[in-house]
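Residue-level structural notes
The primary structure of each chain is shown beneath.
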Amino acid sequence: MSVDTPSDTTSDTPSREAAPPTTPRPSTWAALRPLLLRLHFYAGVLIAPLLFVAAVTGLLYALSFQAENVLYRHELRVPVGDTTQPLTAQVAAAKAAHPEGYVTAVWPSPEKGATTRVLMKAPGLAEDESLAVFVDPYTNDVRGALASTGSSGALPLRSWLSSFHADLKLGELGRNYSELAASWLWVVALGGVALWVGRRRRARLLRPERGLTGRRRTLSWHGSVGLWAVVGLVLLSATGLTWSRYAGENIADLKDRLGGATPTVAAATAGSTSGGHEHHEGMVMPPAAPSTLTLDQVAETAREQGVRASIQISLPSAGKGFVVRERDTEFPVHLDSVAIDPADGKVMDVLRFSDYPVLAQLTRFGIDAHMGVFLGLPNQLALAVLAVALMALIVWGYRMWWQRRPTKGRALGVGRPQPRGAWRKVPLPVLLPLAAVTALVGWFVPLLGISLLAFLVIDVLLGLRGRKKVVTTS
């Protein structure tokens, strides 16, 4: 058998003809990346102002805990005395100072030098507010009274900032802003991480690159800081949605269906028709008939049941008994509760936090972390850092948009969006499931779905406008 020479390889034999060049089929990621870029662009430009407002107000809220300790120090702290007075006497002092209200709950002094907080329902307060009367546990002196909101006992400064963060003090209409921001935060955060990791710069994912200038330098900082902050931002988004107006209802329904509803201690007394729901301090309920038990006896019974860490004693309302619950949310948490019959002092029910469904425990951890009460000061500092990081990411995002602007022919302008029609490049087996998942998420998180639909309409209108200009100029 002879060996072909170089001249033989140029023969006209069909089998020897060179195959025509073929265009390699793009990978799924290569097809999805332009679509993700366009979505990230629109969300960044249009939703970022809401996220920036949420970050600023969230930062102020995170700092309000320490500000309250300074601003309300006279009400919160007292010199440490030799012995503490009975709780009954402390409550009597609060009632004498504010006879216009009736007592609904008592927070005994949780530590040396801290005042006792007596919560009252009084005229002129909102439905979710109580009048907190601060009593020196060593002398029974009333140190002052402030409006208190929520189970965490937020005082006026933190309460105002919390409401401002949630609804900009615009009521139900303002809640749409925070829900829209929370709905998009996880989408923008996870999409940005996918784009950053997809650049395949694994060696420089966690730190900005040195020696870069212009838009590349901004992008390096934007991507690296975003990667560090993504877990916290996604958690803030998820926990924020749990008490939102529309998505929150869907989340609560899903949690209940999965058996993750938060249980309550059974506090209904014998013969009561009010059911087994526990009394909450923010509810306006008539006081029950006076009990033969003293608050000190109730607190002692609770301590015998292991409920002793920073407790709250809710007084009996019509058809209900005393409810003593722990308020210590710092790790390890102490959130057990006990119901006590006001007639004879017997324990009616005990609920341990360890008996909560896992989903209910995780929900509680997440919400407390969002509110800055889970781990105390470290939690609040983490919230502040996340807020600053989010503000920086937004500023860098707008800066990149500005740095993309065309500079020829005009002095001012804005950055170009990503090219239209990116969805046409996505393979159909990927596009159809993606569309189905998007529709499902949009239904479950309604403001996300509505705003996404609005983005698509805007995109189509801009495309039609562009085509009309092309036809006119040609």
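The preceding data block contains the structure.
About the criteria used
Residues numbered from 1 in each chain as written. Predicted model: local features only at pLDDT ≥ 70, side-chain atom pairs only at ≥ 80, totals over all residues. Heavy atoms only, no water. Helix = DSSP H or I, 4+ residues; strand = E, 2+ residues; numbered from the N terminus. Buried < 20%, exposed > 50% of the residue type's maximum accessible area, 1.4 Å probe, protein only. Contact = heavy atoms within 4.5 Å. Areas by Shrake-Rupley, 256 points an atom, 1.4 Å probe, with all protein chains shown as cover. Expected span 1.5 Å × (residues − 1). Bend = angle between axes of the 7 residues up to and from the residue. Pairing = 2+ DSSP bridges. Salt bridge = Lys/Arg side-chain N within 4 Å of Asp/Glu carboxyl O.

Some remarks on the overall build of the protein
When helices and strands are tallied, the protein shows 12 helices and eight strands. Going through the 474 residues of the protein one by one, you find that 40% of them count as buried. Long-range pairs, those at least 24 residues apart, make up 62% of the contacts in the protein with a sequence separation of at least 6. For the protein, the accessible surface area stands at approximately 26200 Å², while carbon and sulfur atoms represent 63% of it.

A short note on helix 1 (residues 28-71)
With 44 residues, helix 1 ought to run about 64 Å at 1.5 Å a step, yet its terminal C-alpha atoms sit only 57 Å apart, falling short of that. Considering bend angle alone, the principal kink of helix 1 is centred on isoleucine 47 and spans about 55 degrees; proline proline 49 follows within four residues of it.

Topic: the pairing of strand 6 (residues 322-326)
Judged by how many residues are buried, strand 6 sits mostly within the fold: five of five residues are covered. Where burial is concerned, the two faces of strand 6 agree: the one with Phe322, Val324 and Glu326 and the one with Val323 and Arg325 are both buried. With four bridges connecting them, strand 5 (residues 311-314) and strand 6 associate as antiparallel partners. Each residue of the ladder has a partner; that of serine 314, found in strand 6, is valine 323. Relative to strand 7 (residues 337-340), strand 6 runs antiparallel, the two being bridged by four bridges. The residue of strand 7 that forms the bridge with phenylalanine 322 is isoleucine 340.

Quick notes on the pattern of salt bridges
In total, this model carries eight salt bridges according to the counting rule given. For the salt bridge of aspartate 336 with arginine 352, the shortest nitrogen-to-oxygen distance reads 3.3 Å. Of this pair, aspartate 336 sits in the loop between strand 6 and strand 7 while arginine 352 is found in the loop between strand 8 (347-351) and helix 9 (358-371), placing the two residues 16 residues apart along the sequence. Classification of arginine 352 by relative accessible area gives partly exposed; the value is 25%. For aspartate 368, the salt bridge is made with arginine 364, and the minimal N-O distance between the two is 2.8 Å. Taken together, the positions of aspartate 368 and arginine 364, both in helix 9 and four residues apart, correspond to about one turn of that helix. The class for aspartate 368 is buried, based on a relative accessible area of 6%.

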